[in-house]
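Geometric and topological summary
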Amino acid sequence: MRRSISALVAVATLAALVAGLVTAGGAQTPNRHLETARKEGKVVWYTSLVLPSAERVAKLFETAYPDVKVEVHRTGSQRILQRVMQELQANIKNVDVVHTSDAGHYVLLKEKKLLAKYTPAGVDAFPAGFKDKDGYYYGLRATVNAITYNTKTVSAAEAPKTWKDLLDPKWKGKMVTAHPGYSGVIATHVLALVHLHGWDYFKQLAQNQLMLVQSANDPSTVVSSGERVVAVNGGEYSAYQLKKKGNPLEIVYPKEGVPLVVSPTAITSFAPHPSAARLFTDFTFTREVQQVMADSEGLYTGHPDVTYPADKPKLKDLKLLTVTPEELEKRNEELKKRFVEFFGA
Amino acid sequence: MDRALPVWILSALALVVLMALPLGWLGWLSVSGEHGATLAHYRDVFTDLALRKALWNTIVLAFWVGLVSVALGAPLAWLTARTDVPGRGLIRGLVLASFVTPPFLGAFAWVMLAGPNAGLIFTMPGLIFIVSIYTFPYVYIMVANTLALIASDLEEAAAILGAGRFAVARTVTLPMVLPALASGFILAVLQALALFGSPAILALPAGFHTVTTQIWSLFQFPPKVEQAAAFSIPLLLATALLLQLQKQLLGRRGYAAVGGKGGQRRTIPLGRWRWPALGACLAVMSCAIFMPYGVLAKAAFARAWAQPLTRDNLTLGNFTFTFFEYGATRAAIVNTLELGVMTACIGAAMVAVLSYVTNRKLVAGHQLIAFLALAPVVVPGVVLAVGLFIAYTRPPFVLYGTLWILFLAYLTKEMPVGYAQADATFRAIPADLEDAGRVLGAGRLRILREITAPLAKSGIIAAWCFIFIGVIRELSASILLFTPNTKVMSVVIFDLKEEGQFGAISVLGLVMLALTFATVALVQAVLGRDVLGARR
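Owing to the predicted nature of the structure, the values given are computational and were not obtained by experimental measurement. (Residues numbered from 1 in each chain as written. Chains lettered and ligands numbered in written order. Predicted model: local features only at pLDDT ≥ 70, side-chain atom pairs only at ≥ 80, totals over all residues.)

**Section: the domain arrangement of chain A**
Residue and element names in this part refer to chain A. You can read the domains of chain A as domain 1 (30-142 + 262-310) and domain 2 (144-260 + 317-343). Distance between the C-alpha centres of domain 1 and domain 2: 26 Å. At the junction of the two partners, domain 1 supplies 21 residues and domain 2 supplies 21 residues. Listing elements by their share of the side of domain 1 that touches domain 2, those giving two or more residues are α4 (77-89), α5 (103-111) and β11 (258-268). No other element matches α5, which puts five residues into the side of domain 1 that touches domain 2. Considering only residue class, the side of domain 1 that touches domain 2 consists of eight nonpolar, ten polar and three charged. (Domains from an automatic or database assignment. Contact = placed C-beta atoms within 7 Å. Helix = DSSP H or I, 4+ residues; strand = E, 2+ residues; numbered from the N terminus. Nonpolar A, V, L, I, M, F, W, Y, C, P; charged D, E, K, R; others polar.)

**Overview of the interface of chain B and chain A**
At the junction of the two partners, chain B supplies 31 residues and chain A supplies 36 residues. No other element matches the three residues that helix α22 (residues 489-499) of chain B contributes to the side of chain B that touches chain A. Looking at the side of chain B that touches chain A residue by residue, the class counts come to 14 nonpolar, 13 polar and four charged.

**Considering the packing of helix α14 (residues 317-325) of chain B against helix α23 (residues 502-527) of chain B**
In a packed pair of helices, the relevant descriptors are the angle between the two axes and the axis-to-axis distance. Residues and elements named next belong to chain B. At a closest axis distance of 9 Å, the pairing of α14 and α23 adopts a crossing angle of 75 degrees. Here α14 is positioned roughly perpendicular relative to α23, judged by the angle of their axes. Residues Asn318, Phe319, Phe321 and Thr322 of α14 pack against Gly503, Ala504, Ser506, Val507 and Leu508 of α23. Along the lines of polarity and charge, the residues of the contact of α14 with α23 split into five nonpolar, four polar and no charged. (Axes fitted to C-alpha atoms, helices over the stretch in contact; angles between N-to-C directions. Parallel < 35°, antiparallel > 145°, perpendicular 65-115°, else oblique.)

**Observations regarding unusual backbone geometry**
With an omega dihedral of -5 degrees, the bond running from Phe221 of chain B to Pro222 of chain B counts as a cis peptide bond. In this structure, Pro222 of chain B sits in the loop between α11 (211-217) and α12 (225-253). In this model, Pro395 of chain B is joined to Pro396 of chain B through a cis peptide bond whose omega is 5 degrees. Structurally, Pro396 of chain B can be placed in the loop between α17 (381-391) and α18 (403-427). Even without glycine at this site, Asn91 of chain A takes up a positive phi of about 60 degrees. Inspection of the secondary structure puts Asn91 of chain A in the loop between α4 and β3 (97-99).

**With respect to the domain arrangement of chain B**
Residue and element names in this part refer to chain B. Domain annotation of chain B identifies domain 1 (1-26 + 326-536) and domain 2 (48-296). On a C-alpha basis, the centres of domain 1 and domain 2 stand 24 Å from each other. Opposite the 32 residues of domain 1 that make contact, domain 2 presents 32 residues. Those elements that place two or more of their residues in the side of domain 1 that touches domain 2 are α17, α21 (478-481), α22 and α23. For the side of domain 1 that touches domain 2, the element with the highest residue contribution is α23, accounting for eight residues. Residue classes in the side of domain 1 that touches domain 2 are distributed as 22 nonpolar, seven polar and three charged.

See below:
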C-alpha cells in the first residue's frame, strides 16, 4: 500500500514535470505558487527595464502562465521610487514587484520594512554581488556604463578611449549624458566615477556643455540619430541593441574600468498579489528568461549557465567598478544635487 | 429666496472642492513648519540659487514669448482681417490648427525636426520660438476680432484729411487695436508662465529649469512638497496680477470706437505684395503645422525616424507596439476619453446652469458666482495640481490614485473657458423672447424648455467641445496627479519621451491630434463659424 502510494506520487510528479516542461516550453517545473497566483489573476510590476524588453518579459510570462496577467509600469528608477513612496503616503497599495537599477533604493525600502523576504528559485548559484545578505532582493540583470560614439562623424582613431578623454574641449557641445535624478544606471555610474576621479571630473566635464537626457537608454539613441556624437554614459545594453539594429554606433569600454550596475528586484511587503509576485519573480530568474535578456537585450545576468553573444565582451574580461547599495543609498541626495549644480538641471 | 438656495449650495460646494481646499492647503503648507507657522520654506526657495535661476528663466521666457507672439500674431491678424492677401480662409484654418495643437507635441516634433544637431532648439531662444508658434494665436484672436469690428470710416476720414497710409496706421488703427494687442500679449505671457511640457522637453536637456519644471522636480524623492508649495505662490500671484492688468487695459480703453457690425470695412489692396505676404504667412504656419505634423507622421511609420523614409524603413511596427504590445496605451486612451467625456458633460452642465443664472440675474449675488466661475483662470495647471495633491492625498478625502483627482483638476482648469463660452451664448439670446413666452402664459420651466434651450443648444455643445479639447491635451496638472492606473495619453507621451521612444510617441501624438480635430470639426459644424471667433 505504502509502496504503491509512493509509486503513484513518483508517477504524478513525473507527469507534472513533463506537463510543466511541455506547457512552458521547457521553462518550468510546476510552481508552488501557481494555484494561488491564478486566483490573484495578475501581478503589478514597476520596472525600469527598457520598455520593449519589459513588455517582452511580460509576454513570455503570460505565455507560460496564461491565467496570470502582468501589468507593466515602466519608468526611470528614481521615478519608480517616487511613485512607490507617494502611493504609500496616500495609502495606495498597488505594486507587487519593484525592479529598478538603483540598488540603494532597496536598502531604503528594506529599512522602511516595505520589502518581503523572498528567495527566488535558483538564485543560490548567482555570484555574491547579485544577492542581498538578508534575502530581500536579488539582482535580476546587470549592465555596464560605456561610452558610445557615432561612427559616421567620429573615426575610431579620434574616438575617446577613457573617461578622462571626454574632458577634451574638442568635444564641447557634442556630447550627451543621462540623468542620475531619473536613472539608477546613471546614479551608479556617477558614484563609481566619483570614486575613480572625484567630483572635479564632473565639474570639468560640465564645461563641455553636455545635452541632458533622462533615461540611460537615451544617450545612445541621441548619438545614433547624430544629434550629439558622443555619449558619456548610458546602459551598454541599449547601445548594443541599437548597434545590432544597424545604427552607426560604436561602444567604448574605458580602460580605467566600467561601472557595473546590478539591477535588483524585490517583492513588496504589502503586495496585493503576493503569490503572483513570487511566481513572476521565480519566472524572471529561470535560465530561459535570463538567457533571453542576454540574447535579445544584450544584458549581463548572474545566472551561471547563461551564454552571451560572441561579439560582446565577457564580464570577467572587463575591469569592473563597483559600488555598494549602502553607499548609493547614503549619497543619493548628494549625487543628484551636485550633478544638478554642475549641469544645470 | 428658496429658489436661490440650491444654486448657492451647488456653487459653494463646487468652490470648496475645486478651489478653496486645494489652494487653502497650498497656502497653509507653504508656511507650515514643525513648530507652527514659518516663512522658512520661502526663505529656502528664494535663497536657493538654482530656484532663483528657474524664476528668472521663467520671466525671460514669458516676456519674450509675449513679444514674439505679438510680432507673429498681429501682422497675421491684420493681413487676414483687412487685406486682400490670397488664401485668408486657409490661413485662419492653420492658425486655428496651431491654436489647438498641444504645445508639448509641437515641442517634441521640433526635437525630431532639428536633429541631428538639435543644438539650436535646446536653448532659451529655441524654446521661446517653439512656444511662440503655438501661443501667437492668442494675439491673433484678440487682434483679428477687434479689427473685424472696427469700421474703416475713421481710417478713411484720416486719409481724406491728408494722412499718408503709414500715418493712418500709426495714429488711427494702432491706438484702436492697442488694448487688444496688449491683452493678447498678456494672454501669451500667461500661457508661457503656466507651460510645463515644452520647457520639460526643451529646457531640461539644455540644463535649465523654469518654475513649472522646478516645481515638478521638487516632487522627486525625497519630495519637498512644502517648498513646491512656497514656489507655487509667486506663479499664482503673477498670473492673478497679469489678468487684473489685462482686465483694466480692456476696461479702461474700451472699444469706444468699435461700433458693432454697422460700419463698412474696406479691404486694403496689397498689390504686388499679395503673394509675398501669403508666403510669409505660410512660412510661419509651416513652422507651426506642416513640418511638425509631417515629422510626426514620418516617425510613426518609420523604423528609424532619423533616416529617409525608404521602402525598407517603412513599418507599421510602431502602431502594433503602441496599441498591442505596450500595455499602458489602451488604458491611457480609455482613461483620457472617460475623463474627457465626463468632465465635458458635467462641466458643460455646470456652466450652462451658472451662466443662465448669472445672465438672467436669477439670484442675489450673481456677480459673485460669475467671478468664481472665472477665477480658476489665474491658477496655472502645475500649481493647481500641487494644491490638489496636498488636499486629496490625506484624509478625509483620499482621491489620489483615482480618476477623480484628475477630474477635479480638469473641471477646475476648464471651468473658465466653458463659462466664457456659455456666458456668450446666453448673452446673445435676448430676454425679450423669454418675456414674450411669459406674456403668453408659459411657466419658467416651459420657457426654458421651448425657447431658451433650443437657442442655447449649439453654444453649450461648443462649451462641451472646448472643455473636451482642453482635457485630452492636459499635461501640466496630470503629470503630478497620475498614478500607474490613472495614466492619461499626455502622461504616457511624456513617459515615452523620457525614454526616447520616438515611434510610439508619434503614433499617440497622431491619435491625440485626430481626436482634437474631430472635436473642432464638430464645434464648427454646430456653431456654423470657426472656433477663433469671427463668422465665416
